[in-house]
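Residue strings, one per chain:
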Amino acid sequence: MISYTFKDKVDDAINNLADALDAGLAVLDKDLTIIWVNKTLPGMLNLHYNPVGRKCHEVYKCECQDSQHCSVFQALTTGKKMCCEINLVTEKGGRKYIRNITTPVRDERNNITHLFKLSLDVTQQEEKIHRLALLRKLAELMQGTLQIDRLLHLILTCVTAGPALGFNRARLFLVEKERNIIYGKMAVGPSSLEEANKIWAEITDKYKNLEDLIKASEESYRNDTPLNMITRLMAFSLTDEKEIVVSCIKLKKVILEKNAFSNPDIDKKFVNIIDANEFVCVPLVVKDEAIGVICADNIYNRKPITTEQVELLSIFANRAALAIANAEVYRKLGEKNRQLRETRERLVRSERLAVIGNMAAYIAHEIRNPLVTIGGFARILLQEYADHKRVKCNAEIIVEEVNRLENILANIMDFSKPVETVMTLTQINELLESTCSLMRPYFKSVPIQLVEKFNPEIPKIIVDQMQMKQVFINLIKNAVESMPQGGTLTIETNAENECIKIDIIDTGEGMSPKVMQNLFVPFFTTKIDGTGVGLAVSQKIIDDHNGFIKIKSELKEGTTVSISLPIKNVQA
């Protein structure tokens, strides 16, 4: 029977100490060959073989192949304790961080005879440090993103990315004060377990860092995924405080729900839509005001949501809320700048039209008197010399040209004189139908096929009917004149972006870019008998109605004139 020696007791003590620390322990000889390991080490290093008898670098998969940088070799040569860290990929695709501490063992003559290598699993600490550093990096990325939809997608990608917070799915909801609701804005994540497994496998193989994942996600993002579409249909009244997402807004506190299906204290509409029993809702708070909520869950891998995950998500949500607020301020500033630019352009146009109008009125007045005299004498000649062919022919030419000049002067006088507006509640479809009926004989003379696509759902708006009919006549006449051999004229109405949009589309000759640049310049015209005031007058009328007019045209491809009139002009 082998006696139980003091050495055995020491070995047992070391082994027990390593087990108590939940640490792996190996003894190496001077050739860096493993001669003993405790029971914990193989499992910690994901080994499926007995490491005893193998070289250190074969087992630890670390830098030991390069003796110059090998911590074990340095411990052997310097006699000092050395440390290094390695990271391993687990069987499930996760990462494990191992800290190795190598300590020389000396004999009674102070010679190094062996090496102790202690291995500690520091995955949790490393992941926490990694995630905190990551949050700082994400905050920098968010603060540099001012386009709101891109920012929201970046936020949700970070919530669901494995290298970041690592939830399966994430939804983002925003508060709309005007309607007193919270509504679904965007969602990121797989729509099924099969899709989840496919995505996770691809992420593990392709993307080694968060930056690569975010870039790839932006390029491949689709807003028509089932998850995103369902989320965008979600909306809850802020008075319904039993809905958990509303409670999150009202309380401005994180809500971690562990058993939503059985919780009698919450309404089930939100829970049934997201179909998750465990999830977390984190408010987005800026200056003590909740502007939205991030909701995340692990519906596919069924991992419990940890306190640490919730804490990290809360820190992240604080930064995300500030980024969203900044992006919204930037959006509003851009909108104000656009409005200011449009107002300035309208003011310049109005001043220019006023100056040109005054000048035109003066010139028209001065020309009219001698023109009337010339016309009168020409008509007398026509009457007195009716039997004289040459005189009669010349007199007719003079009368015809005088009539043309009088028509031009009438147009110029209409352009220059101030117009009194009479604003009434009007159905634009009816006004267009009336205008088209008035011009039907004109269409037949070309001939023109008229296509009317009037949306019956558009609301009534406040306009001056006479002025607006003048605009429609001008634009329709221009469209018909661009189709001298005939063609199709399409007039379409719709409601779009809080405006009534009227499209007048022809299949005519189209216009060159040079002509397009001067379209609204008064007295610019490409017509032989045109005055060049029709479009300028039309634009001024649309401006006076707080609307805008846009023209798209290509040579030989036709022209589309789009008028937008604001619905908000309707008075309560």
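In this report, we go over the structure that sits alongside the text. (Residues numbered from 1 in each chain as written. Predicted model: local features only at pLDDT ≥ 70, side-chain atom pairs only at ≥ 80, totals over all residues. Heavy atoms only, no water.)

### Details of the nonpolar core
In a soluble, globular protein the nonpolar side chains are often hidden away together inside. Quick reminder of the rule: Put simply, buried Ala, Val, Leu, Ile, Met, Phe, Trp, Tyr and Cys residues joined by side-chain atoms within 4.5 Å make one nonpolar core. To sort residues, take the accessible area from a 1.4 Å probe on protein chains only and compare it with the maximum for the residue type: under 20% means buried, over 50% means exposed, and anything in between is partly exposed. By the convention used here, residues are in contact when the closest approach between their heavy atoms is within 4.5 Å.
Grouped together as the largest cluster of nonpolar side chains are 34 residues, with contacts concentrated most on I428, F472, I476, L489, I502, I563 and L565. Residue contacts for L565: discarding those within four places in its chain leaves I428, I461, V463, M468, C499, I500, I502, I542 and H545. The next biggest cluster of nonpolar side chains, apart from the first, holds 30 residues, and it includes L154, L172, L284 and L313.

### Things to note about the pairing of strand 16 (residues 499–506)
What counts here: Helix and strand definitions here come from DSSP, where helices need a minimum of 4 consecutive H or I residues and strands a minimum of 2 consecutive E residues; each element is numbered from the N-terminal end. A pair of strands is labelled paired if DSSP reports no fewer than 2 bridges between them.
In terms of burial, strand 16 is a largely internal element, six of the eight residues being buried. Alignment of strand 15 (residues 487–496) against strand 16, held across eight bridges, turns out to be antiparallel. From the neighbouring strand, L489 faces strand 16, where its bridge partner is D506. Between the end of strand 15 and the start of strand 16, which pair antiparallel, lie two residues, with N497 showing a positive phi angle near 55 degrees. Note: strand 16 against strand 18 (residues 558–566), eight bridges, orientation antiparallel. Bridged to D503 within strand 18 is S562.

### Here we look at the sheet that holds strand 16
Threshold: Where helices are involved, their axes are fitted lines through C-alpha atoms of the stretch in contact, as for all axes, and angles between N-to-C directions lie from 0 to 180°.
Taken in spatial order, the five strands line up as 13-15-16-18-17 in an open sheet, and their pairing is mixed. Lying at the two open borders of the sheet, with one neighbouring strand each, are strand 13 (448–454) and strand 17 (548–554). Sheet twist, expressed as the mean angle between neighbouring strand axes with direction ignored, is 15 degrees. Across the sheet, helix 14 (residues 428–444) lies against strand 13, strand 15, strand 16 and strand 18, angled at about 175 degrees from strand 13, the strand it touches most.

### With respect to the sheet that holds strand 6 (residues 169–176)
Reading across from one edge, 8-7-6-11-10-9 is the order of the six strands in this open sheet, with antiparallel pairing throughout. Looking at strand neighbours, the two that pair on one side only are strand 8 (235–237) and strand 9 (255–257), the edges of this open sheet. Taken pair by pair, the neighbouring strands of this sheet meet at an average axis angle of 20 degrees, ignoring direction. Taken together, the six bridges between strand 6 and strand 11 (residues 289–297) define a ladder with antiparallel strand orientation. The residue of strand 11 that forms the bridge with R169 is D297.

### A closer look at the packing of aromatic side chains
Keep this limit in mind: Aromatic pairs are defined between Phe, Tyr and Trp rings, using the six-membered ring for Trp, whenever the two ring centres lie within 6.5 Å; interplanar angles under 30 degrees are classed as stacked, those over 60 as edge-to-face, and all others as tilted. We count a charge as sitting over a ring when the NZ of a lysine or the CZ of an arginine lies within 6 Å of the ring centre and within 35 degrees of the ring normal.
Counted by the stated rule, this structure contains three aromatic pairs. A centroid spacing of 5.9 Å and a plane angle of 65 degrees characterise the contact between F270 and F279, whose relative ring orientation is edge-to-face. The same class applies to F270 as to F279, namely buried. Taken together through their ring pairs, the aromatic side chains of F173, F236, F270 and F279 make up a single cluster. The positively charged end of R54 is found above the aromatic ring belonging to Y49, 4.1 Å away from the centroid. Positioned above the aromatic ring of Y60 is the side chain of K117, whose terminal nitrogen or guanidinium carbon lies 3.7 Å from the ring centre.

### Examining unusual backbone geometry
In this structure, N46 takes a positive phi of about 60 degrees despite not being glycine. Looking at the element boundaries, N46 is found in the loop between helix 2 (40–44) and helix 3 (56–60). The backbone of E498 sits at a positive phi, close to 60 degrees, despite the residue not being glycine. Note on E498: relative accessible area 65%, which makes it exposed.

### Focus on the pairing of strand 5 (residues 112–121)
Bridge analysis of strand 1 (residues 24–28) against strand 5 gives five bridges, and the strand direction is antiparallel. Pairing of V27 across the sheet is with F116, part of strand 5. Both strand 4 (residues 95–106) and strand 5 contribute to a ladder of nine bridges, which runs antiparallel. Bridge assignment links R99 to a residue of strand 5, and that residue is L120. Between strand 4 and strand 5, which follow one another and run antiparallel, lie five residues, and N110 among them has a positive phi close to 70 degrees.

### Focus on the pattern of salt bridges
Opposite charge on two side chains allows them to pair when their charged atoms are near. Note the following rule: Whenever a carboxyl oxygen of Asp or Glu lies within 4 Å of a side-chain nitrogen of Lys or Arg, that contact is scored as a salt bridge.
Scanning the entire structure with this criterion turns up nine salt bridges. A salt bridge links E176 to R179; its shortest N-O distance comes to 2.9 Å. With relative accessibility at 21%, the residue E176 sits in the partly exposed group. Since its relative accessible area comes to 54%, R179 is described here as exposed. Measuring nitrogen to oxygen at the nearest pair gives 3.0 Å for the salt bridge that ties K258 to E278. In this pair, K258 sits in the loop between strand 9 and helix 11 (269–274) while E278 sits in the loop between helix 11 and strand 10 (279–286), placing the two residues 20 residues apart along the sequence. Given the relative accessible area of 44%, K258 is considered partly exposed. Among the charged side chains, a salt-bridge network with shared partners connects E496, K501 and D503.

### Side note on the environment of D121
Inspection of the secondary structure puts D121 in strand 5. The contacts of D121, once residues within four sequence positions are left out, are M44, K96, Y97 and I98.

### Describing the packing of helix 14 against helix 15 (residues 465–481)
Rule in force here: Roughly parallel refers to an angle under 35 degrees, roughly antiparallel to one over 145, roughly perpendicular to one between 65 and 115, and oblique to any angle outside these ranges. Crossing handedness: left-handed means the near helix sits turned counterclockwise from the far one by under a right angle, and right-handed means the same turn made clockwise. All amino acids are sorted into three groups, where Ala, Val, Leu, Ile, Met, Phe, Trp, Tyr, Cys and Pro are nonpolar, Asp, Glu, Lys and Arg are charged, and the leftover types, Gly among them, are polar.
In the contact formed by helix 14 and helix 15, the axes pass within 10 Å of each other and the chain directions differ by 45 degrees. In terms of axis orientation, helix 14 runs oblique to helix 15. Seen along the crossing, helix 14 lies across helix 15 with a hand that is right-handed. Counted together, I428, L431, L432, S434, T435, L438, M439, Y442 and F443 of helix 14 and Q465, M468, K469, F472, I473, I476, K477, V480 and E481 of helix 15 form the full contact between these two elements. Of the residues belonging to the contact of helix 14 with helix 15, the class tally is 12 nonpolar, three polar and three charged.

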